[in-house]
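Each chain is listed here by its residues.
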Amino acid sequence: MSAEAQEKKRWLSRLVYKLVIDTTSSESRSFRVYPTIAYSPETSFEFGFSSLMLFRAKQDTLNRLSEINAFTFVTLRQQYGLWFDNAIYGDQDKWFFLGRTRIQRFPLLYYGIGPVTPGNAPAIVDANYILFRQRVLRKIVPNLFFGPEVDYQLLSKTEFKQPENHAPYPLPAGSSGTENLGGGLALVYDNRHNVLNVRKGFFGEIAFLNYNKTFGSDFSFHSWNVDFRSFHPIRKNNVIAWQVTGNFINGQVPFNQMAQMGGDMMMRGYYQGRYRDKNLVAAQVEYRMLPFSFSRRIGGTVFASLANVSPALDQMMINKTRLAGGAGLRYLLFPKKDIFLRFDLGFTEEGPGFYIFTGEAF
């Protein structure tokens with residue numbers, strides 16, 4: 001091998017090591033690109049690349065850790081897309097930008113609307129999907145933020161494929177495609193210091209969004225969303241975490257923007273959207289060992305959750321509450337930033353669901 005080829009090989013090795021291996025100090029900005037292999041009931045196996053930027057405003061360790069995550073993927077179910085998530089804190093928390101963006105072609109299963117729907121023969125909804133949701137929040141007092149919120153969702157080139165050998169589903173609102181723009185306000189309390197792996201702190205959000213045909217939406221409805229999360233350290237590396245969340249919608253809402261039960265974050269084990277309606281109340285608790293006492297990189301969790309959907313709050317039935325629970329393993333991916341890769345196995349009355357993702361579920 002020539003000297004030039006050897007130098008190129010060494011340069012490539014240094015580049016890969018810099019991108020994938022976490023060598024930066026806790027206050028330094030870091031940028032990582034790494035291949036991903038993930039799995040969930042919604043996607044089967046998915047393959048892609050993630051890029052993760054972590055930084056503190058002015059590289060000051062007294063400022064919170066901000067994160068910008070980009071993820072592109074393809075799956076074995078012919079899904080593909082590009083995701084962005086951001087939780088950015090300004091110097092001394094003067095500003096807080098919290099949001100997510102989804103651009104994807106993502107065939108999903110549709111089981112109907114309501115707390116009781118058949119699970120053996122879902123329809124398939126294939127569509128282009130764009131979501132842009134962003135909060136621009138200003139600090140009022142320490143840890144308390146307030147500001148505007150915008151939510152844009154577009155469902156286009158939609159194919160609603162009815163199941164074979166099963167009665168067809170009534171076509172829900174928005175089944176042929178829909179475009180909606182909502183605006184509102186959000187009040188957030190947040191004293192967490194590491195969004196991807198919270199070991200101590202509290203996050204609470206109350207948000208209102210209004211979608212109106214006057215402003216270009218296909219449907220007129222409004223929603224209240226609440227989300228409360230609390231994290232309590234137990235001994236050196238163990239954490240008890242809990243979350244209570246609710247979505248409450250009034251008006252004519254398209255099926256894709258209804259409150260949905262299931263997924264990789266809440267009610268793990270249930271397919272995302274297995275149950276959907278205008279109202280959702282859900283809660284979960286998780287015990288985290290990050291890492292185990294006998295390991296520097298491997299940890300684990302156990303978790304349990306419950307949830308209920310209904311067309312109206314006064315119609316919510318206790319006996320229709322669904323339960324889920326499970327356990328998971330953790331691998332310390334970026335030691336200097338305390339970020340784990342999670343492997344979760346959730347169990348429900350309908351069977352298990354397996355998940356692989358970067359960062360905790362909540």
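Residues numbered from 1 in each chain as written. Predicted model: local features only at pLDDT ≥ 70, side-chain atom pairs only at ≥ 80, totals over all residues. Heavy atoms only, no water.

Asker: What am I meant to see in the side chain of Thr36 here?
Answerer: Its place among the elements puts Thr36 in strand 1 (residues 30–40). Not counting the four nearest positions on each side in its chain, Thr36 is found in contact with Glu46, Phe47, Gly48, Phe49, Ser50 and Phe71. (Helix = DSSP H or I, 4+ residues; strand = E, 2+ residues; numbered from the N terminus. Contact = heavy atoms within 4.5 Å.)

Asker: Before we go on, may I ask you to explain a nonpolar patch on the surface in this structure?
Answerer: A contiguous nonpolar surface patch, about 610 Å² in accessible area, is contributed by Ile140, Val141, Phe146, Leu185, Leu187, Ile206 and Trp224. Only strand 7 (123–141) and strand 9 (178–190) provide two or more residues apiece to the nonpolar patch. By secondary structure assignment, the location of Trp224 is in strand 11 (residues 221–234). Accessibility expressed as a relative area gives 43% for Trp224, which makes it partly exposed. (Patch = residues over 30% accessible without salt bridge, like charges linked within 9 Å, V, L, I, M, F, W, Y side chains within 5 Å. Areas by Shrake-Rupley, 256 points an atom, 1.4 Å probe, with all protein chains shown as cover. Salt bridge = Lys/Arg side-chain N within 4 Å of Asp/Glu carboxyl O. Buried < 20%, exposed > 50% of the residue type's maximum accessible area, 1.4 Å probe, protein only.)

Asker: It is not clear to me how unusual backbone geometry should be interpreted in this structure. Could you clarify?
Answerer: Note: most residues except glycine have negative phi, and most peptide bonds are trans. In this structure, the amide linkage connecting Leu290 to the following residue, Pro291, adopts the cis form with an omega of -10 degrees. As for its position among the elements, Pro291 is in the loop between strand 15 (279–289) and strand 16 (298–310). At Gln59, a residue that is not glycine, the phi angle is positive and equals roughly 50 degrees. Structurally, Gln59 can be placed in the loop between strand 2 (44–56) and strand 3 (65–75). Despite not being glycine, Gln78 shows a phi value in the positive range, around 60 degrees. In this structure, Gln78 sits in the loop between strand 3 and strand 4 (80–89). Take Gln78: its relative accessible area is 67%, and that puts it in the exposed class.

Asker: Help me out: how do you make sense of the pattern of salt bridges in this one?
Answerer: Oppositely charged side chains may form a pair once their charged atoms are brought near each other. Scanning the entire structure with this criterion turns up 24 salt bridges. Note that Glu149 and Arg135 form a salt bridge whose closest N and O atoms lie 3.8 Å from each other. In this pair, Glu149 is assigned in strand 8 (residues 144–161) and Arg135 in strand 7, connecting sequence segments 14 residues apart. You'll find Glu149 and Arg135 in the same group, each marked buried. Each member of the salt-bridge network shares a partner with another, and the members are Asp264, Arg268, Glu286, Arg288, Arg330, Arg342, Asp344 and Glu360.

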